[in-house]
Amino acid sequence: MSVAIAPPSLASPAQDGPLTRVWRPILGTREGRMGVPLAGVMVILIVVGRFAAPYPPDKIGVAIPGSAPSWEHLLGADGLGRDVLSRFLTGGTSVLVTPLGAVSVSFLLGGALGLLAAYRGGVTDQVVSRLFDLLLTIPPLLTVLVLLASLGRSPLIIILVVGLVFIPWVGRVARGAAQPVVTNDYVHAAVARGESTWWILRREVLPNIAAPLIGAFSLYLTSGIVFVSTLSFLGLGDQPPSSSWGLMVAESRGLILTNPAAALAPALGIAVVSVSFMLIADAVTRHVLRDTGQGRPAR
Amino acid sequence: MTEEALTAAGVSVAYRRPDGSLTTVVSGVSLTLEPGRVVGLVGESGCGKTSLALACMGTAAEGGVITCGSVTLDGLDLLTAPRTVLRALWGDRLAHVPQNPATSLNPATRIGRQLAQPIATHLGLTGKALHERATDLLERVGITHPTQALRRYPHEFSGGQEQRIALALALSCDPRVLILDEPTTGLDVTTQARIVTLLQGIITDTSAAALYISHDLALISTVADRLLVMYAGEIVESGATRDLVHTPRHPYTQALLAAQPSAHERRAVRGLPGRPPGHVVIDRCSFAPRCRHAEPECVAEHPVLQPLPGSRAVRCVRHDRLEFSAQPVDAWALPAEPEPVHILELDGLWCRYRKQAEPALSDFSLAIARGDTVAVVGESGSGKSTLLRAIAGLHPPGEGIVRFQGYRLAPAVRHRPDQVRRDIQLVFQDPDSSLNPRQRVGEILSRPIRLFRSDVARHEEAHTVTTALDQVGLAASTARRYPNELSGGQRQRVAVARAFLARPALLLCDEVTSALDVSVQATVLELIADLAATFATTVIFVSHDLAVVRTICRRVVVIRAGRLCEDGQADDVFRAPRHAYTRELIAAIPPPPGAAGSRRAT
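1. Points about the sheet that holds strand 4 (residues 64–73) of chain B
Residues and elements named next belong to chain B.
And then number 1: Strand order in this open sheet of four strands is 2-1-4-5, and the pairing throughout is antiparallel. This sheet does not close on itself; its edge strands, each paired only once, are strand 2 (22–33) and strand 5 (76–77).
And then number 2: Note that strand 1 (residues 6–16) and strand 2 share eight bridges and pair antiparallel. Bridge pairing in strand 2 links L6 to L33.
And then number 3: This element, helix 1 (residues 49–56), spans strand 1, strand 2 and strand 4 of the sheet and lies at about 60° to strand 2.

2. Things to note about unusual backbone geometry
All names here are of chain B.
And then number 1: Its identity is not glycine, yet S207 carries a phi of approximately 45°, on the positive side.
And then number 2: Following the sequence through the fold, S207 ends up in the loop between helix 8 (189–206) and strand 8 (209–214).
And then number 3: Accessibility expressed as a relative area gives 41% for S207, which makes it partly exposed.
And then number 4: Unlike most non-glycine residues, E511 shows phi in positive territory, near 50°.
And then number 5: When you line up the elements, E511 lands in the loop between strand 19 (506–510) and helix 19 (518–534).

3. Here's the deal with the pairing of strand 22 (residues 563–569) of chain B
Regular strands place side chains that alternate from one sheet face to the opposite one.
All names here are of chain B.
And then number 1: Where strand 21 (residues 555–560) meets strand 22, six bridges bridge the pair, whose relative direction is antiparallel. Paired with V556 across the strands is G568, a residue of strand 22.
And then number 2: Where strand 21 hands over to strand 22, the hairpin turn is made up of two residues, of which A561 adopts a positive phi near 50°.

4. A few points about a nonpolar patch on the surface
And then number 1: Together, I44(A), V47(A), V48(A) and F51(A) make up a nonpolar patch on the protein surface, roughly 430 Å² of accessible area in all.
And then number 2: Looking at where V48(A) falls in the secondary structure, it is placed in helix 3 (residues 30–48).

5. As for the confidence of the model for chain B
Residues and elements named next belong to chain B.
And then number 1: Residues at a pLDDT of 70 or more form 96% of chain B, whose mean pLDDT is 87.
And then number 2: Below a pLDDT of 50 lies the segment residues 596–602, which in the model reaches 22 contacts outside its immediate sequence neighbourhood of four places, other chains included.
And then number 3: This complex was scored by the predictor with a pTM of 0.80 and an ipTM of 0.78.

6. Digging into the state of the cysteines
Residues and elements named next belong to chain B.
And then number 1: By the definition in use, this model includes zero disulfides over all chains.
And then number 2: C285 provides the cysteine sulfur closest to C47, a residue in no disulfide bond, and the two sulfurs are 12 Å apart.
And then number 3: On the basis of relative accessible area, C47 is assigned to the buried category, the value being 1%.
And then number 4: The structure places no disulfide on C565, whose sulfur is separated from the nearest cysteine sulfur, that of C351, by 17 Å.
And then number 5: For C565, a relative accessible area of 17% puts it in the buried group.

7. Topic: the packing of aromatic side chains
And then number 1: Evaluation of the coordinates by the stated rule reveals eight aromatic pairs over all chains.
And then number 2: Measuring from centroid to centroid gives 6.0 Å for F166(A) and Y220(A), while their planes differ by 50°, and the two rings are tilted. You can see F166(A) sitting in helix 8 (residues 155–182) and its partner Y220(A) sitting in helix 10 (residues 197–233), a full 54 residues away along the chain.
And then number 3: Given a relative accessible area of 11%, Y220(A) falls into the buried group.
And then number 4: An angle of 55° between the planes, with centres 4.5 Å apart, marks the rings of Y231(B) and Y252(B) as tilted. With Y231(B) in strand 9 (residues 226–231) and Y252(B) in helix 11 (residues 251–259), the pair connects residues that are 21 residues apart, well separated along the chain. Take Y231(B) and Y252(B): they sit in the same class, and that class is buried.
And then number 5: Through pairs of rings, three or more aromatic residues link up here, namely F166(A), Y220(A) and F227(A).

8. Notes on the layout of surface pockets
All names here are of chain A.
And then number 1: Volume-wise, the second largest pocket comes out at about 1100 Å³.
And then number 2: Those elements giving two or more residues to the lining of the second largest pocket turn out to be helix 5 (93–120), helix 8, helix 9 (185–193) and helix 10.
And then number 3: Residues belonging to the lining of the second largest pocket are distributed by class as follows: eleven nonpolar, ten polar and eight charged.

9. As for the pattern of salt bridges
And then number 1: Considering all chains together, one arrives at 34 salt bridges over all chains under this definition.
And then number 2: Here E195(A) ties to R447(B) by a salt bridge, and the two come within 2.7 Å at their closest N and O atoms. Highlighted residues: E195(A) in the loop between helix 9 and helix 10 and R447(B) in helix 16 (residues 441–452), drawn from two different chains.
And then number 3: Three or more residues are tied together by salt bridges with common partners; here these are D78(A), R82(A), R87(A) and E251(A).

10. Some points on the domain arrangement of chain B
Residue and element names in this part refer to chain B.
And then number 1: Partitioning chain B into structural domains gives domain 1 (6–224) and domain 2 (342–587).
And then number 2: Summarising the inter-unit geometry, the C-alpha centres of domain 1 and domain 2 are found 37 Å apart.
And then number 3: In this complex, domain 1 contributes nine residues to the contact, which on the side of domain 2 involves eight residues.
And then number 4: Taken together, the two surfaces of domain 1 and domain 2 that pack against each other cover about 790 Å², and 45% of this comes from carbon and sulfur.
And then number 5: Contact with domain 2 buries area across many residues of domain 1, yet D188, V189 and T190 alone supply 56% of it, more than any other trio.
And then number 6: If you look at where domain 1 meets domain 2, you find one salt bridge.
And then number 7: At the surface where domain 1 touches domain 2, the tally comes to three residue pairs in polar contact (both at pLDDT 80 or more).
And then number 8: Of the residues in the side of domain 1 that touches domain 2, the class split is two nonpolar, three polar and four charged.

How each quantity is defined
Residues numbered from 1 in each chain as written. Chains lettered and ligands numbered in written order. Predicted model: local features only at pLDDT ≥ 70, side-chain atom pairs only at ≥ 80, totals over all residues. Heavy atoms only, no water. Pairing = 2+ DSSP bridges. Helix = DSSP H or I, 4+ residues; strand = E, 2+ residues; numbered from the N terminus. Contact = heavy atoms within 4.5 Å. Axes fitted to C-alpha atoms, helices over the stretch in contact; angles between N-to-C directions. Buried < 20%, exposed > 50% of the residue type's maximum accessible area, 1.4 Å probe, protein only. Patch = residues over 30% accessible without salt bridge, like charges linked within 9 Å, V, L, I, M, F, W, Y side chains within 5 Å. Areas by Shrake-Rupley, 256 points an atom, 1.4 Å probe, with all protein chains shown as cover. Salt bridge = Lys/Arg side-chain N within 4 Å of Asp/Glu carboxyl O. pLDDT = per-residue confidence, 0-100. Disulfide = S-S within 2.5 Å. Phe/Tyr/Trp six-rings, centres within 6.5 Å; stacked < 30°, edge-to-face > 60°. 1 Å grid on protein atoms, 1.4 Å probe; cavity = no way out; pocket = protein on both sides within 12 Å on 5 of 7 lines; lining within 4 Å. Points joined across faces, edges and corners; volume = space filled by probe spheres on them. Nonpolar A, V, L, I, M, F, W, Y, C, P; charged D, E, K, R; others polar. Domains from an automatic or database assignment. Buried area = accessible area lost by both parts, 1.4 Å probe. Polar contact = N/O pair within 3.5 Å; in protein donor to acceptor, adjacent residues only side chain to side chain.

Dropping the structure here:
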């Protein structure tokens, strides 16, 4: 028997919109209070920074190649004499957009497959789960290397190929979260009403696993950022003369003694972006853990 | 008679709220437990019964404090005794049987070790003597093959056996006082009856003093010598069981009795609207907001517990001016006479679950007349829920034919026409699981309208939802709330409203009241009977509770191990059961409150 205390304000979280419901608890954690402003600053820098670039980012010879930071060139110049600050301010886009696209692709495909596997069970579940296992056994960098070599290196293809890497991870999260949900009678009630599978997954199941999925999204976004940066460092992503951060690190690593800023600035950029999203992921996971403790009133 | 085992005087318990203030949930309760006698404590969930039981053990749940009073056991005040003294007492002279044995027995430890612990600690027995005592105990609570049982883990036993083991654990050191907190709630009727008989025997044999807590008045009045009725943390009425159930003086006792369905006669139940306040009310009568007899004088001041002749007491200012009959007399409108047409025919259904050797339903045939109210009765695992799921098309039968309104139905619901999906509606056992926690009540209710009610235009949907909520006795504002903001009874009403919004010809009810308190159960039963009459719906009502079945059904079908045992008009089946299993079920029904068959008259 529950003790006779009035339930502690269960009413308020349920009455807010879904956005408030997610953001308020995130900002309530220490990780959230650090991660959200940090990510905000980086996103603004990446989106707006290009307009503040003092020189054209790919103009060669605006400074002495490999020169150290000075008042004209705050972060010095790279091996071709390009202004590092201008390149830094314009090169962050792909660090953010490509992983975002890739992880979204993996959530659409992997999430849908995972949900379907949990809902249908039986053979569907077996096939989908083995497919996930198969994808997990292939080394991701190798797969992407082969696929990019054969399919070309347009940004869209990079997004799809990197998305493929994350499909089994996301799919397993979605399947695991949905499995306890699909046994609920409200799902059976929807089946008995004759709702379509798509409708049931979207309206009855998805809202109940939104919290773990949001947590997984920010987590895999972090991995995606590092993965995409690795690709461009290896020369598999953006091609010169792009100022993509990963590429900048690769091109300038020989200058580490004359102008360390040329390699360190983009490396730091990548680090801060991924750490900030990691902090948000942590905050969300805490929120998720708390949520599952309170979600259903005890019987 | 004068020897007292445990005395509680003026006990109050409070819980600390997150903001640091205290909420009093038990206030000034006094009780006396005597050897060999059972005191029953009855009331709805949230009235403070468990808090009081823990206080009698000298402790409180997490966040709780005993603010005043004394609990005396053999001259020792448990509330001032140090923890080490209490620990030596618990399980030795003072034992507790919790509500759910599944959570009180350690799932990772063999029964033998769990039983050995108190015996070794309190009685100092070891080796062979210890083993002998453990086997003795298991034998006493009716576990067959006790020696093997000692080596098994709790999950290898059924719910009833687990409760027996919990009882053995409590009895391990011959306690002088037994605190039983809803020991049979959640068990089957037959199992319940066996446990109660066992308990009675043990209490007589060991002359332990017992406090028996339950919300089931019918059950508690078969075991208890004295009854305490608790509401909002206070005793509102006390007296000998027989007097109390025959001449209840407090409106709350009266309401509990009126809500209690009876398996002995077909009679109306009257629900008790609202729910207990959840804390002690000090400035007026705490029951006044829900009381049918409330007058301005009831809210003027807090009534005191007035002693009455015959060692009774009642906390009601109007008790001497109120006329109560012991039983509600208004007859329940019998369901309309069924038409001589079959709405549903089942022919040779076989259902299996993949991992089980035994089929859940074997060669099951049944025909149901249009407009009838049919109960399907059986123990858990008898296949009664599978039957409903097969009819609804959620668990397609492996073999056999389901014919509805003369047409043969596809086994799976997704192959059935929309009209059939509309005509057959299902209400599930647990509203926690049948209402999506992420959808507002309004969204939940508008879905069947959108799908099945072509007569309702888009802009009239909101109005139709409001009307449906009103029909089930909920405010229009409920539409904007989420299920977790509602009480269990309110949630089940939303589920009933959802089913009736489709205007079904056949309503399938799967144990719809088993998760609810008796007072709430009555309102839901009333509601289903009412709506079924209004919309001329045929109802199939699956339940393990015979009293509920008797209350609302015209015909009874008894099912065991997937086979039909008995089928007949409710009155005939209850009066003269033909099948041996039906007789067993009916014999397990507790006698009517206060009848001659009850344990003791004094």
